[in-house]
Amino acid sequence: SDWNSVTGDSNSLTDSGYNYVSGDYNYLVESSYNYVAGDYNSLADSEYNSITGNSNALNGSDWNSVTGYRNSLTDSDNNYVAGNDNSLTTSDDNYVAGDYNYLFESDDNSVTGNSNALYGSDWNSVTGDSNSLTDSGYNYVSGDYNYLVESSYNYVAGDYNSLADS
């Protein structure tokens, strides 16, 4: 169903669009162009949504705007993620702004912030301080106190950066 306002917890929307969803523990499947506000919401195979809140999970969801803390994106591409403690797994072409974010096997991302960790992630642009890259290559890293381990073909600009086995 489309063009609805859904307020409350534990609602399920399938193949829905243009809805306003407010509350926690809501579940959206194959839903697009929705605004979701709340915590612990889950989106699967959903596109062009705006999600704000904490601890939301996106799986196979592309072209979304995600703001908040501790959000998790898996197999999700072309998203804008703003906030801290977010996790991206096998998610490519995303823009991530904030601190303490974790990217695992995620490529072609732009990461801005401090203390972010990238593992097995290539072709990323990382700007900020105290970021850590492990087993990652072809990255552009700008900032101070960044740490690269077993990472090759990277461009590193800044002071007090450390490269080990790189």
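Scroll up to find the structure.
Keep in mind it's a predicted model, so treat the numbers as computed, not measured.

Draft legend 1. Representation of the sheet that holds strand 16 (residues 117–119) in the model. Sheet architecture is open: 11 strands sit in the order 2-4-6-8-10-12-14-16-18-20-22, paired in parallel fashion. Of all strands in the sheet, those with a lone pairing partner are strand 2 (12–14) and strand 22 (162–164), marking the two edges. Here the average twist between neighbouring strands, direction ignored, is 5°. Relative to strand 20 (residues 147–149), strand 18 (residues 132–134) is paired through three bridges, and the arrangement is parallel. Opposite Leu133, over in strand 20, you have Leu148 as the bridge partner.

Draft legend 2. Quick peek at the side chain of Ser76. In this fold, Ser76 is placed in the loop between strand 10 (72–74) and strand 11 (80–82). Judged by relative accessible area, which is 0%, Ser76 ranks as buried. Engagement of the side chain of Ser76 in a polar contact is seen with the backbone nitrogen of Gly60, the distance being 3.4 Å. A polar contact is formed between the side chain of Ser76 and the backbone oxygen of Thr74, at a distance of 3.0 Å. With sequence-adjacent residues up to four places away left out, Ser76 is seen in contact with Leu58, Asn59, Gly60, Ser61, Asp62, Thr90, Ser91, Asp92 and Asn94.

Draft legend 3. Summary view of the packing of aromatic side chains. A complete count under the given rule lists 11 aromatic pairs for this structure. Taking the centre distance of 5.4 Å and the plane angle of 10° together, the rings of Tyr80 and Tyr95 count as stacked. Here Tyr80, found in strand 11, pairs with Tyr95, found in strand 13 (residues 95–97); they are 15 residues apart in sequence, far enough to count as distant. A relative accessible area of 33% means that Tyr95 is categorised as partly exposed. Where Tyr140 meets Tyr155, the ring centres are 5.2 Å apart and the plane angle is 5°; that geometry is what we call stacked. On the criterion of sequence distance, the pair formed by Tyr140 in strand 19 (residues 140–142) and Tyr155 in strand 21 (residues 155–157) is long-range, its members being 15 residues apart. Judged by its relative accessible area of 49%, Tyr155 is partly exposed.

Draft legend 4. Structural context of unusual backbone geometry. Phi at Ser10 takes a positive value of approximately 60°, unusual for a residue other than glycine. Structurally, Ser10 can be placed in the loop between strand 1 (5–7) and strand 2. The class of Ser10 is exposed, set by a relative accessible area of 55%.

Draft legend 5. Up close: the sheet that holds strand 7 (residues 50–52). Sheet architecture is open: 11 strands sit in the order 1-3-5-7-9-11-13-15-17-19-21, paired in parallel fashion. In the strand order of this sheet, the two ends are held by strand 1 and strand 21, each with one partner. Taken over all neighbouring pairs, the strand axes of this sheet differ in orientation by 5° on average, direction set aside. The pairing of strand 9 (residues 65–67) with strand 11 spans three bridges and is parallel. Of the residues in strand 11, the one forming a bridge with Val66 is Val81.

The rules behind each value
- Residues numbered from 1 in each chain as written.
- Predicted model: local features only at pLDDT ≥ 70, side-chain atom pairs only at ≥ 80, totals over all residues.
- Heavy atoms only, no water.
- Pairing = 2+ DSSP bridges.
- Helix = DSSP H or I, 4+ residues; strand = E, 2+ residues; numbered from the N terminus.
- Axes fitted to C-alpha atoms, helices over the stretch in contact; angles between N-to-C directions.
- Buried < 20%, exposed > 50% of the residue type's maximum accessible area, 1.4 Å probe, protein only.
- Polar contact = N/O pair within 3.5 Å; in protein donor to acceptor, adjacent residues only side chain to side chain.
- Contact = heavy atoms within 4.5 Å.
- Phe/Tyr/Trp six-rings, centres within 6.5 Å; stacked < 30°, edge-to-face > 60°.

All quantities given are derived from atomic positions and should not be read as evidence of function.
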